[in-house]
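Chains, contacts and geometry: an overview
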Amino acid sequence: MPRTESNPIELGTKAADFLLPDAQGVLYRLADFDAKPALLVAFISNRCPFVVLIREQLAAFARDYAAKGLQVVAINANDHEAHPEETLARIGEEVEKFGYSFPYLKDASQQTAKAYGAACTPDFFLFGADRRLAYHGQFDDARPGNGKPVTGADLRAAVDTMLEGGRPAAEQVPSIGCNIKWNAGNEPVWVSSAARAA
């Protein structure tokens, strides 16, 4: 299956603001989570096999770290007209089915995905209390079909280090997944550049 790596984003980059709805119509913005010492923004999908593989462990990860001060926010930026599995209604179903304890939001305009530089699902952006990027790597090394257990080991190690007052190592393995399904004509510059280079 086609694979897309996460974009190289400079560590220390500030988290971009957003104003996005969940399936109940509740709007969330970045400032709503100011009290949390750590914030994970995860671009995910309802249909991508790379997300399907990890979603139960992602839900468990979020529950494990909520009491330690990590706020998880998931965002779905996929084109829901071309891919009806990615509608706001289906997002609500995913939340119920897999026990997501965190906001799962819809970026219909895809402006938030562009602001973060998101390229694939899953794509993880971990920010410290200063809301500067500390980790932009993989959940773990499990991939569809490679037989490795889904543990979230890489992301857990990064969060542990940050919550203990440290900084995750600068050498980080990029996340790999399905490309974000951009609305027709809305592909960001990095996608157009990659297409020209191919």
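About the thresholds
- Residues numbered from 1 in each chain as written.
- Predicted model: local features only at pLDDT ≥ 70, side-chain atom pairs only at ≥ 80, totals over all residues.
- Heavy atoms only, no water.
- Helix = DSSP H or I, 4+ residues; strand = E, 2+ residues; numbered from the N terminus.
- Rg over C-alpha atoms; globule rule 2.2 N^0.38 Å.
- Buried < 20%, exposed > 50% of the residue type's maximum accessible area, 1.4 Å probe, protein only.
- Contact = heavy atoms within 4.5 Å.
- Areas by Shrake-Rupley, 256 points an atom, 1.4 Å probe, with all protein chains shown as cover.
- Lys, Arg positive; Asp, Glu negative; His and termini not counted.
- Charge placed at Lys NZ, Arg CZ, Asp CG, Glu CD.
- Arc of directions from axis to C-beta.
- Expected span 1.5 Å × (residues − 1).
- Bend = angle between axes of the 7 residues up to and from the residue.
- Core = buried A, V, L, I, M, F, W, Y, C linked by side-chain atoms within 4.5 Å.
- Phe/Tyr/Trp six-rings, centres within 6.5 Å; stacked < 30°, edge-to-face > 60°.
- Lys NZ or Arg CZ within 6 Å of the ring centre and 35° of its normal.
- Pairing = 2+ DSSP bridges.
- Right-handed = clockwise from strand over helix to strand, strands pointing away.

**Re the overall build of the protein chain**
Check the secondary structure of the protein chain and you find five helices and ten strands. Its C-alpha atoms give the protein chain a radius of gyration of 16 Å, near enough to 16 Å, the size a compact globule of 198 residues would have. If one aligns the C-alpha atoms of the protein chain with their principal axes, the spans along those axes are about 45 × 40 × 35 Å. Within the protein chain, the proportion of its 198 residues that are buried is 50%. Within the protein chain, contacts between residues at least 6 apart in sequence are counted, and of these 77% link residues at least 24 apart. Of the roughly 9100 Å² of accessible surface on the protein chain, a fraction of 52% belongs to carbon and sulfur atoms. Charge-centre separation for the protein chain: the mean point of 20 positive side chains lies 1 Å from the mean point of 25 negative side chains.

**Quick look at helix H2 (residues 88–98)**
Buried within H2 we find Ile 91, Gly 92, Glu 94 and Phe 98. The arc that holds every buried residue of H2, seen down its axis, measures 160°, which confines them to one face. Set apart from the buried face of H2 by more than 90 degrees, the exposed residues are Ala 89, Glu 96 and Lys 97. Contact partners of the buried residues in H2: helix H1 (49–66), strand S5 (70–76) and strand S6 (104–106).

**Notes on H1**
Over its 18 residues, H1 extends 26 Å from the first C-alpha to the last, a length consistent with the 26 Å expected when each residue adds 1.5 Å. Residue Arg 55 marks the point of greatest curvature in H1, where the axis turns by about 50°. Within the span of H1, buried status applies to Phe 50, Val 51, Ile 54, Arg 55, Leu 58, Ala 59, Ala 60, Phe 61, Ala 62 and Tyr 65.

**Comments concerning the nonpolar core**
Within the largest apolar cluster, 34 residues are counted, with the highest numbers of intra-cluster contacts made by Phe 61 and Leu 70. Among the elements that take part in this core, H1 stands out by supplying eight residues, more than any other. Counting 22 residues, the second-largest nonpolar core is a separate cluster that includes Ala 16, Leu 30, Val 73 and Phe 127.

**A few points about the packing of aromatic side chains**
The relative placement of two aromatic rings is captured by the distance of their centres and the angle of their planes. Scanning the entire structure with this criterion turns up eleven aromatic pairs. Considering the side-chain rings of Tyr 28 and Phe 33, the 6.1 Å spacing of their centres and the 10° angle between planes classify their relative orientation as stacked. Plain terms: the ring middles of Phe 61 and Phe 139 are 6.0 Å apart, the flat faces sit at 85° to each other, and that makes the pair edge-to-face. On the criterion of sequence distance, the pair formed by Phe 61 in helix H1 and Phe 139 in the loop between strand S9 (133–135) and helix H4 (153–163) is long-range, its members being 78 residues apart. Using a relative accessible area of 0% as the deciding quantity, one classes Phe 61 as buried. The structure contains a cluster of three or more aromatic residues connected by ring pairs, namely Phe 43, Tyr 116, Phe 125 and Phe 127. Between the NZ or CZ atom of Lys 68 and the centre of the ring of Tyr 65, over which it lies, the distance is 4.5 Å.

**Describing the pairing of strand S4 (residues 38–43)**
Within S4, six of the six residues are buried, which leaves it mostly tucked inside the rest of the structure. Along S4, one buried face is formed by Ala 38, Leu 40 and Ala 42 and the opposite face, lined by Leu 39, Val 41 and Phe 43, is buried too. Bridging between S4 and S5 involves six bridges; their strand directions are parallel. Residue pairing for S5: Val 41 is matched across the bridge by Val 73. A crossover links S4 with its parallel partner S5, the connecting element being H1, and its sense is right-handed. Where S4 and strand S8 (residues 123–127) come together, five bridges link them in antiparallel fashion. For Val 41, the partnering residue across the bridge sits in S8 and is Phe 125.

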